[in-house]
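Geometric and topological summary
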Amino acid sequence: MREIIFDTETTGFHALEGDRITEIGCVEVVDLIPTGRELQHLVNPERDIPKEVTQITGHTVEMLRDKPKFREIAQEFLDFIGDATLVAHNARFDMSFINMELERCGKTPIAGNRFKDTAVMARERFPGSPASLDALCKRFDISLGSRIKHGALIDAYLLAEVYLELNGGREQGLSFDDHSGPGHTVVFPARPPRPEPLPARVSEEERAAHEAFLETIGGDRTLWKTLGLV
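Everything in this summary refers to the structure shown in the same document. (Residues numbered from 1 in each chain as written. Predicted model: local features only at pLDDT ≥ 70, side-chain atom pairs only at ≥ 80, totals over all residues. Heavy atoms only, no water.)

Describing the packing of helix α3 (residues 70-81) against helix α4 (residues 91-104)
Note the following rule: Note on geometry: axes are C-alpha line fits, over the in-contact stretch for helices, and angles between N-to-C directions span 0 to 180 degrees. A helix here means a DSSP run of H or I that spans at least four residues, while a strand means a run of E at least two residues long, and both kinds are numbered starting from the N terminus. Angle categories are assigned with fixed cut-offs, so that under 35 degrees is roughly parallel, over 145 is roughly antiparallel, 65 to 115 is roughly perpendicular, and the rest are oblique. If you view the pair so one helix is near and one far, a crossing is left-handed when the near helix is turned anticlockwise from the far one by less than a right angle, and right-handed when it is turned clockwise. Contacts are assigned to residue pairs that have any heavy atoms within 4.5 Å of one another. Each residue gets one label: Ala, Val, Leu, Ile, Met, Phe, Trp, Tyr, Cys and Pro are nonpolar, Asp, Glu, Lys and Arg are charged, and the others, such as Gly, are polar.
Closest axis-to-axis distance for the α3/α4 pair is 10 Å, and the angle between their directions is 115°. By the angle between their directions, the pair α3 and α4 is classed as roughly perpendicular. Crossing of α3 against α4: the hand is left-handed. Here Phe70, Ala74, Phe77 and Leu78 of α3 come into contact with α4, specifically with Ile98, Glu101 and Leu102. A class-by-class count of the residues in the contact of α3 with α4 yields six nonpolar, no polar and one charged.

Regarding the packing of aromatic side chains
To keep things clear, this is the line we draw: Each aromatic pair joins two rings of Phe, Tyr and Trp (for Trp, the six-membered one) with centres within 6.5 Å, and gets the label stacked for planes under 30 degrees apart, edge-to-face for over 60, and tilted for any other angle. Type-normalised accessible area, obtained with a 1.4 Å probe on protein chains alone, sets the label of each residue: buried when under 20%, exposed when over 50%, and partly exposed for intermediate values. Charge over a ring is defined by NZ of Lys or CZ of Arg lying within 6 Å of the ring centre and within 35 degrees of the ring normal.
Following the criterion strictly, the structure yields three aromatic pairs and no others. Pairing Phe93 with Phe97 gives two aromatic rings, centres 4.9 Å apart and planes at 50°, and the pair type is tilted. Of this pair, Phe93 and Phe97 both sit in helix α4, four residues apart, roughly one helical turn. Given a relative accessible area of 26%, Phe93 falls into the partly exposed group. Sitting above the plane of the Phe80 ring, Arg2 keeps its charged end 6.0 Å from the centroid. Between Arg139 and the ring centre of Phe126, over which it is positioned, the NZ or CZ distance is 3.8 Å.

Quick word on the pattern of salt bridges
As a reminder, the rule being used: Any Lys or Arg side-chain nitrogen located within 4 Å of an Asp or Glu carboxyl oxygen qualifies as a salt bridge.
For the coordinates displayed, the defined rule picks out eight salt bridges. Across the pair Asp19 and Arg47 runs a salt bridge whose closest N-O atoms are separated by 3.1 Å. With Asp19 in the loop between β1 (2-10) and β2 (21-30) and Arg47 in the loop between β3 (33-42) and α1 (51-57), this pair connects stretches of sequence that are 28 residues apart. Residue classification places Asp19 among the buried positions, given a relative accessible area of 9%. For the salt bridge of Glu28 with Arg37, the shortest nitrogen-to-oxygen distance reads 3.1 Å. We classify Glu28 as buried; its relative accessible area is 6%. A single network of salt bridges, built from pairs that share partners, joins Arg20, Glu46, Arg71 and Glu101.

Describing the environment of Glu28
Put simply, the rule reads: Here a polar contact is recorded for every N or O atom pair within 3.5 Å, except that within protein the pair must consist of a potential hydrogen donor and a potential acceptor, and residues adjacent in sequence are included only if both atoms are side-chain atoms.
Along the chain, Glu28 falls in strand β2. Each C-alpha atom of the pair Glu28 and Ala160 lies 9.0 Å from the other, and the pair is 132 residues apart in sequence. When neighbours within four sequence positions are excluded, Glu28 is seen to be in contact with Arg2, Glu3, Ile4, Ile33, Pro34, Thr35, Arg37 and Phe80. Separated by 2.6 Å, the side chains of Glu28 and Arg2 make a polar contact.

Quick look at the nonpolar core
The test is simple: The term nonpolar core refers to a set of buried residues drawn from Ala, Val, Leu, Ile, Met, Phe, Trp, Tyr and Cys, joined through side-chain atoms within 4.5 Å.
Counting residues in hydrophobic clusters, the biggest one holds 25 residues, and the most contacted among them are Ile4, Phe6, Cys26, Phe77, Ile98 and Ile110. Of all the secondary-structure elements, those providing two or more residues to this core are β1, β2, α3, β4 (85-88) and α4. If we skip the residues at most four places from it in the chain, Ile110 touches Phe77, Leu78, Ile81, Leu86, Ile98, Asn99, Leu102 and Phe115. In this structure, Ile5, Ala156, Leu159 and Tyr163 belong to the second largest nonpolar core, which totals 23 residues.

Points about α4
Quick note on the threshold: Expected span of a helix, by definition, is 1.5 Å for each gap between consecutive residues, and there is one gap fewer than residues.
Look at α4: 20 Å from first C-alpha to last across 14 residues, which is about the 20 Å you get at 1.5 Å a residue. Restricting attention to buried positions, one finds in α4 the residues Ala91, Asp94, Met95, Phe97, Ile98, Asn99, Met100, Glu101 and Leu102. Those residues of α4 that are buried lie in contact with β1, β2, α3, β4 and β5 (115-117). Two residues or fewer past α4, Gly106 is found with a positive phi of approximately 80°.

Here it is, written out as structure tokens:
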């Protein structure tokens, strides 16, 4: 199952009132595990950046002036995500900015049902508890050491770890059958027989002593014999 964990940094909160994307970071995961494929771009927003936003993201007009505009990286973004589900924290916010930018450059917006919101998942799993990305990282003991400022790619990687935990963590379940889906990600595959069987490690004396013991506790009615294990 291929999914894209992503995050955006913006000039403000209102995609339909002139705010623009300043950074986008995407991390590919397959079966909840990052594959190492990523996409990250600083983006020229073609407008000013409020000081209070710079304090959070570190982005300034000067540092982004020579970066590509969104329309210049839009197709690369679309090619990277393909038809995967898009996972974001407070996904409605990121979805509004992504689709606004796509519409600005004449591309088709992404359908809302392709987005998955980890904030909603967290509130459902931990009702009444803080559901911010920072709070979830602390809950799951995920280090925030690499996060000096809010950065789209850094936050996408943090969210990938949170998303894994929200889906049950690395040990989601055990199964001796080849199932698929949540709760069956740890599977013990069938192995071919050995070319030559290992020699018995039980001596004849030990085997005879075991048979004698079984006779004293039920003989042919013992579980071992009814299952054909001896």
